[in-house]
Amino acid sequence: MNPEELRSMTFPRAPLTRRGYSEDAVHDALRRCAAALTALAEENNRLRTDMERHRDWIRAHNIGDGSGPTGVPTVDAVLQQARAQQAAEQTVTAARDQARNMVRAARTQAETILQQAWERATPAAEGAQEEAERLITYLRQLAESLTVTADTYSAKRAPAQPSTATATTTVAAPPNGT
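Residues numbered from 1 in each chain as written. Predicted model: local features only at pLDDT ≥ 70, side-chain atom pairs only at ≥ 80, totals over all residues. Heavy atoms only, no water.

K.L.:
Quick rundown of the overall build of the protein? Include the residues and the values.
P.N.:
Scanning the protein for helices and strands turns up three helices and zero strands. For the protein, the sequential pattern of α-helices and β-strands runs α-α-α. Within the protein, buried positions represent 5% of all 178 residues. Put simply, the protein shows about 15,700 Å² of open surface, and 57% of that area lies on carbon and sulfur atoms. (Helix = DSSP H or I, 4+ residues; strand = E, 2+ residues; numbered from the N terminus. Buried < 20%, exposed > 50% of the residue type's maximum accessible area, 1.4 Å probe, protein only. Areas by Shrake-Rupley, 256 points an atom, 1.4 Å probe, with all protein chains shown as cover.)

K.L.:
Any details on a nonpolar patch on the surface? Residues and values, ideally.
P.N.:
A cluster of nonpolar side chains, namely Leu 135, Tyr 138, Leu 139, Leu 142 and Leu 146, defines an oily patch on the protein surface of about 480 Å² accessible area. Checked against the element boundaries, Tyr 138 lands in helix H3 (residues 75–157). (Patch = residues over 30% accessible without salt bridge, like charges linked within 9 Å, V, L, I, M, F, W, Y side chains within 5 Å. Salt bridge = Lys/Arg side-chain N within 4 Å of Asp/Glu carboxyl O.)

K.L.:
Report on helix H2 (residues 23–60), specifying residues and quantitative values.
P.N.:
Taking 1.5 Å per residue as the helical rise, H2 with its 38 residues ought to reach 56 Å, and the 55 Å between its terminal C-alpha atoms agrees with that figure. Backbone geometry just after H2 places Asn 62 at a positive phi near 55°. (Expected span 1.5 Å × (residues − 1).)

K.L.:
Tell me what's going on with the pattern of salt bridges, and back it up with residues and numbers.
P.N.:
Tallying each qualifying case throughout the model produces six salt bridges. With a shortest N-O distance of 3.4 Å, Arg 53 and Asp 50 are connected by a salt bridge. Within this pair, Arg 53 and its partner Asp 50 are both found in helix H2, separated by three residues, close to a single helical turn. Since its relative accessible area comes to 23%, Asp 50 is described here as partly exposed.

K.L.:
Which residues make up the confidence of the model for the protein, and what values do they have?
P.N.:
For the protein, per-residue confidence averages 78 on the pLDDT scale, and 80% of positions sit at 70 or higher. Confidence scores differ between elements of the protein, with helix H1 (residues 3–7) showing the lowest mean pLDDT of 71 and H2 the highest of 88. Of the regions scoring below 50 in pLDDT, residues 164–169 engages in one contact with residues more than four places distant in sequence or in other chains. (pLDDT = per-residue confidence, 0-100. Contact = heavy atoms within 4.5 Å.)

Written out as structure tokens, the structure reads:
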């Protein structure tokens, strides 16, 4: 029985000797209403018992406080989660900004170090090239001087040696051909 059935219920008129509705029809309707209310009360009691049994199980397994239905967050939990999400997003944003600044500073520092190294290397390379050219010039002069000394020595020793000797002394020229 539902509320609409109760609203649409009609009773026949009582016999001519009596006023109102037929007692049998009214009593029959009251019995059906009582049966429906009894069934609803029994179902309500059964559901309350099931709910208490579920709450006891939740408490026994340390899931929440057992006061609210599981799977439905409370307003405080939702607000706390929103605050945590907002704090996490702010932390991630701050970390990204800091990482960008660190990368930017590292690039600037690397460029400065490379510039300084280049500035130090350029004069050193020029100085090394000049030093190498001076050393080459000195070695050419030394080789030329040794060649002249060897020729002079060889010319002085030639008359003292027998004419049958076929061996001659030669001085090797420096590698650059001078």
